[in-house]
Amino acid sequence: MPEPSELVSGLVAGLPGWLPNQRWFAGKDRPVLAVRPLRSTVLHDGDPLLVHVMVEVEQQDRREPYQLLVGDRHELPDHLRSSWIGPGYEASADSDATAPLLDLIAGNSRVDTLVFETEPGVQLETGLRARPITSEQSNTSLVFGHQYILKLFRRLTPGPNPDLVRHRALHAVGCEHIAEPLGSITGELAGQPTTLGMLQPFVADAVDGWAMATTSVRDLMAEADLHADEVGGDFAAEAHRLGHAVGAVHSDLDRALGHEQLGPERLAGVVAAMQRRLDAVLTSVPELGAYEAELRAAFDKAVDAEESITVQHVHGDLHLGQVLRTVSGWLLIDFEGEPAAPAEDRVALHSPLRDVAGMLRSFDYAAHQLLVGQPEDHQLARRAMEWSRRNRDAFCDGYAEVATRSVGDPRGHATLLRAFELDKAVYEVAYEHANRPEWLTVPLSSIARITTEGDHQ
Ligand SMILES: Nc1ncnc2c1ncn2[C@@H]1O[C@H](COP(=O)(O)OP(=O)(O)O)[C@@H](O)[C@H]1O
Ligand SMILES: O=P(O)(O)O[C@H]1O[C@H](CO)[C@@H](O[C@H]2O[C@H](CO)[C@@H](O)[C@H](O)[C@H]2O)[C@H](O)[C@H]1O
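Not measured: the values here are computed from a predicted model.

**Section: the sheet that holds strand S16 (residues 329-332)**
The strands that make up a sheet pair up through hydrogen bonds in the backbone, lying either parallel or antiparallel.
At step 1: Spatially, three strands are ordered S12-S15-S16 in an open sheet, and the strand pairing comes out antiparallel. Looking at which strands have only one partner, the edges of the open sheet turn out to be strand S12 (207-208) and S16.
At step 2: Relative to strand S15 (residues 323-326), S12 is paired through two bridges, and the arrangement is antiparallel. Residue pairing across strands places Val207 opposite Arg325, the latter belonging to S15.

Here's what the structure looks like:
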């Protein structure tokens, strides 16, 4: 096997061709011009070899750091062939190679500039093998035994990652709706201690909200004569509990990290950001042009709708795929903000209504995604609306029971909430255009309904 330094320099040369095929690579829409190694650290010098590598990826207008786990072994098993970069392979799918990561955290170890540590008072079980979770995500998560999940952040931003910061803050105030942070990995990037990984308990019995909600929609669609409140798979009680959980997380984030009250000129700044996002999405998705005037008017209306706006730490990219139903209740995961947003936006304070709007959008998605590609059917479309309205209302009812005083019932801020929902739908138009063009009709038809038909609760 080559020396680790030779391995890394050879492998970096293969990365411009390999990176764009990775789900977690954020720059798939632009060519990779160059990849430069920033730092490499040998974590296990054996067979398999495990090297932690940070690289800088250059694309047209940006240079962004990423982390990789690089492996090498005498014989590469068949199941790792797709991870081959040459020389060496990306090792996150190699259970033999990644096993030391948990032990390094448990041992509060330091290797070169990498710091592996447990959270205060945490004792970890060691010697467990890891498997990567198979869902397509923005980062890479490894499950150790059935006990722990380690998320390795792929695109790095110098400084602490908001996912870890918010989990720590919520845990410190006893929040029941998160998986407790158990440990972390920190490295050095641009001279700053930077979060590379976060360890949490793996909740093996959890089902995500999207799977539950879409099962409920399917149940309703299958019943010709029953209403949403009459079918066995009714989701409203869960939507209510979920609203309660999100409201409690917002209150806990406020208690732990505080809030700010912004005056009218800052509210105007929030709305200006919505207009700028619309400008950007209009250039890449011309279909959105049909709704431009109505969208701009809805955003402008929000400027005068409230005297001030409360901002605090929030989730930032809340949707049904970011919540897990366990036997004891709902957990929120992944407090990193929108994957495509700039780092400043992901750590910034925002209105809690932005998260509420994200979840309301998700109910709308769950209701309408089954209709994608189907011939128009008014009966099914009416049922989708019925499901969406019922569950959005139940969510808001649950949220209002525990929300911070400054927000209360989200429906009491109808104009601002509508603007946040439309802003999220504009984001989704860009997301679907880039990732799932066949689903572009989902956010576009919501925008049509909300703006043209005024259909909004
Ligand atoms: N504590 C946990 N227990 C069980 N599964 C989890 C846990 N945390 C995350 N997951 C699963 O891992 C997936 C990816 O986690 P997430 O934090 O959303 O990562 P990413 O930033 O890559 O999107 C989730 O969709 C969920 O299925
Ligand atoms: O989970 P991520 O942080 O990677 O979020 C991105 O991908 C989501 C899709 O997986 C996307 O969510 C959109 O589709 C969901 C259904 O698949 C729906 O529930 C959401 O409401 C909708 O926004 C999310 O926008 C994107 O950031």
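Having seen the model, we can carry on.
**Here's the deal with the domain arrangement of the chain**
Interface size is commonly expressed as the accessible surface area that is lost when the partners come together.
At step 1: The domain boundaries assigned to the chain delineate domain 1 (1-93), domain 2 (99-202) and domain 3 (207-453).
At step 2: Summarising the inter-unit geometry, the C-alpha centres of domain 1 and domain 2 are found 20 Å apart.
At step 3: Counting from both sides, the interface comprises 22 residues of domain 1 and, opposite them, 23 residues of domain 2.
At step 4: Counting the surface lost from both domain 1 and domain 2, the interface buries some 2,000 Å², and carbon and sulfur atoms represent 62% of this.
At step 5: If you sort the residues of domain 1 by the area they bury against domain 2, Arg23, Trp24 and Gln67 come out on top, with a joint share of 30%.
At step 6: At the junction of domain 1 with domain 2, the criterion picks out three salt bridges.
At step 7: Taking the shortest distance from any N to any O, the salt bridge between Glu90 and Arg154 comes out at 3.0 Å.
At step 8: Counting the contacts that link domain 1 with domain 2 gives seven residue pairs in polar contact (both at pLDDT 80 or more).
At step 9: Elements with a contribution of two residues or more to the side of domain 1 that touches domain 2: strand S1 (32-44), strand S2 (49-59) and strand S3 (62-72).
At step 10: At seven residues, S1 tops the list of elements feeding residues into the side of domain 1 that touches domain 2.
At step 11: The class makeup of the residues in the side of domain 1 that touches domain 2 is 12 nonpolar, six polar and four charged.

About the criteria used
Residues numbered from 1 in each chain as written. Chains lettered and ligands numbered in written order. Predicted model: local features only at pLDDT ≥ 70, side-chain atom pairs only at ≥ 80, totals over all residues. Heavy atoms only, no water. Pairing = 2+ DSSP bridges. Helix = DSSP H or I, 4+ residues; strand = E, 2+ residues; numbered from the N terminus. Domains from an automatic or database assignment. Contact = heavy atoms within 4.5 Å. Buried area = accessible area lost by both parts, 1.4 Å probe. Salt bridge = Lys/Arg side-chain N within 4 Å of Asp/Glu carboxyl O. Polar contact = N/O pair within 3.5 Å; in protein donor to acceptor, adjacent residues only side chain to side chain. Nonpolar A, V, L, I, M, F, W, Y, C, P; charged D, E, K, R; others polar.

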